[in-house]
Amino acid sequence: MRRRTPPPPSPLPQRDGIDAVRVRLPFEGAWATVREHLVERLTGAGPGVVAGMFDAGLIVGADGAPVPPDAAYVPGMFVWFHRELPAEVRVPFAVEVVHRDEHIVVADKPHFLATTPRGGHVTETALARLRRELGLTALSSAHRLDRLTAGLVLFTVRPEERGAYQTLFRDRLVQKEYEAVAPYDPALAQPRTVRSRILKERGVLAAREVEGEPNAVTRVEVVEHRADGLARYRLVPSTGQTHQLRVHMSALGVPILGDPLYPVVADPVPAGDFRRPLQLLARALEFTDPVTGTAHRFRSTRALGAWVSYSEWAAPTPPYSESAQ
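Residues numbered from 1 in each chain as written. Predicted model: local features only at pLDDT ≥ 70, side-chain atom pairs only at ≥ 80, totals over all residues. Heavy atoms only, no water.

So, on to the overall build of the chain. A tally of regular secondary structure across the chain gives seven helices and 13 strands. Oriented by its inertia axes, the alpha-carbon framework of the chain measures out at about 75 × 45 × 40 Å. In the chain, which comprises 325 residues, the share counted as buried stands at 44%. Taking the contacts inside the chain whose residues are at least 6 apart along the sequence as the reference set, 63% of them involve residues at least 24 apart. When the accessible surface of the chain is totalled, it reaches about 17200 Å², and 52% of it is carbon and sulfur. When the 40 positive and 37 negative side-chain charges of the chain are each reduced to one mean point, those points stand 3 Å apart. (Helix = DSSP H or I, 4+ residues; strand = E, 2+ residues; numbered from the N terminus. Buried < 20%, exposed > 50% of the residue type's maximum accessible area, 1.4 Å probe, protein only. Contact = heavy atoms within 4.5 Å. Areas by Shrake-Rupley, 256 points an atom, 1.4 Å probe, with all protein chains shown as cover. Lys, Arg positive; Asp, Glu negative; His and termini not counted. Charge placed at Lys NZ, Arg CZ, Asp CG, Glu CD.)

Here we take up the pattern of salt bridges. One pass over the full model with this rule turns up 23 salt bridges. As a salt-bridge pair, glutamate 201 and arginine 208 come within 3.5 Å of each other at their nearest N and O atoms. You can call glutamate 201 partly exposed: its relative accessible area is 35%. Its relative accessible area of 42% is what places arginine 208 among the partly exposed residues. (Salt bridge = Lys/Arg side-chain N within 4 Å of Asp/Glu carboxyl O.)

A few words on the packing of aromatic side chains. Inspection of every chain in the model, using the stated rule, returns six aromatic pairs. Grouping aromatic residues by their ring pairs yields a cluster made of Phe93, Phe112 and Phe274. The lysine or arginine in question, arginine 226, covers the ring of tryptophan 307, its NZ or CZ lying 4.0 Å from the ring centre. (Phe/Tyr/Trp six-rings, centres within 6.5 Å; stacked < 30°, edge-to-face > 60°. Lys NZ or Arg CZ within 6 Å of the ring centre and 35° of its normal.)

Leu139, Phe155, Tyr233, Leu235, Met249 and Leu280 are the most contacted members of the largest nonpolar core, which has 37 residues in total. Of all the elements in the fold, those that place two or more residues in this core are strand E4 (104-109), helix H3 (126-134), strand E6 (150-156), strand E7 (175-183), strand E10 (216-225), strand E11 (230-237), helix H5 (244-251) and strand E12 (280-288). At four residues, the largest contribution of residues to this core is made by H3. Aside from chain neighbours lying at most four places away, what touches methionine 249 is Ala182, Val220, Tyr233, Leu235, Val254, Pro255 and Ile256. Core analysis: the second largest hydrophobic core is formed by 15 residues, Val21, Leu25, Ala71 and Phe81 among them. (Core = buried A, V, L, I, M, F, W, Y, C linked by side-chain atoms within 4.5 Å.)

So, on to the environment of aspartate 267. Turning to its location among the elements, aspartate 267 is positioned in the loop between H5 and E12. The exposed category is assigned to aspartate 267, whose relative accessible area is 69%. Sequence spacing of aspartate 267 and alanine 182 is 85 residues, and the spatial spacing of their C-alpha atoms is 21 Å.

Attention now goes to unusual backbone geometry. For the bond from glutamine 190 to proline 191, the omega torsion is 5 degrees, close enough to zero to count as cis. For proline 191, the location among the structural elements is in the loop between E7 and strand E8 (192-199). Note that the residue after tyrosine 262, namely proline 263, is joined by a cis bond; omega there is 5 degrees. Note on placement: proline 263 falls in the loop between H5 and E12. One non-glycine residue, arginine 172, adopts positive backbone phi at about 60 degrees. Structurally, arginine 172 is set in the loop between helix H4 (162-170) and E7. When its relative accessible area of 56% is taken as the criterion, arginine 172 is described as exposed.

Of all the residues in helix H1 (residues 34-41), the buried ones are Val34, His37 and Leu38. One side of H1 holds all its buried residues, which, seen down the axis, span an arc of 95 degrees. On its buried face, H1 sits against strand E1 (21-24), helix H2 (49-55) and strand E2 (78-81). (Arc of directions from axis to C-beta.)

Here you go:
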């Protein structure tokens, strides 16, 4: 089998921690020029935008030189450019670095900050911030946390080692422990292991449980509960389905506080509304380093705000505490 030739390196530096977009021209097609193809391909950019980028010399080839507007179409050719990104509301919480060495960075991500660029969250992501703050342009994520979930995320420093760390998560060789604040139900037998089949459809905000072979397994136990009817839970997933912990807690009748999707999808909140963060925290990561052989165990130092002070967490105007979210 013929080995795939890796693409050439980007001739454009990162901008705000974000890589330039790379486009490879298809081998089949009837376009006369590179410009003609990109105008057709990038229709979402708006009328005249791609033509304007060519005129401004913002679309470049592998040598870094601008691609002329009349450049002939060459099948398999690579071109690069930077998207013009809309302004994003800054998430007013810091990304804390728990561990850093020559192979990995373990970060303690706050609520409301996406792990990696996606959709409307690009520069305001943990990855982009860490690239800028640490000066590590090749930093990549080995896995992801939901934007609304806080806690530990593993990033890799060297591109050639990323696959080894991603394999840990694929093969379930990482022990993950989460913490959540949710209602206390004395009738709910625990500790217990929840098994179900979860389906997440593209374009649908909430995942759902369906009949069939279980693909999601979570151990649930109460760490402590108190008179106001709340409990602090330890959640230990052995699978990694989208929204798994949130779906399972809701199905048990004790939905996690601050969840805008389960059990009912709430109306979207305005950009910049950081009230009542989801009370879910990736508390611990434990694994054996596939490169160095070191046994790692990391713990988040964050506290869930509804447990520390429910009145502050539920207040109309949040205190924007860095530690209690």
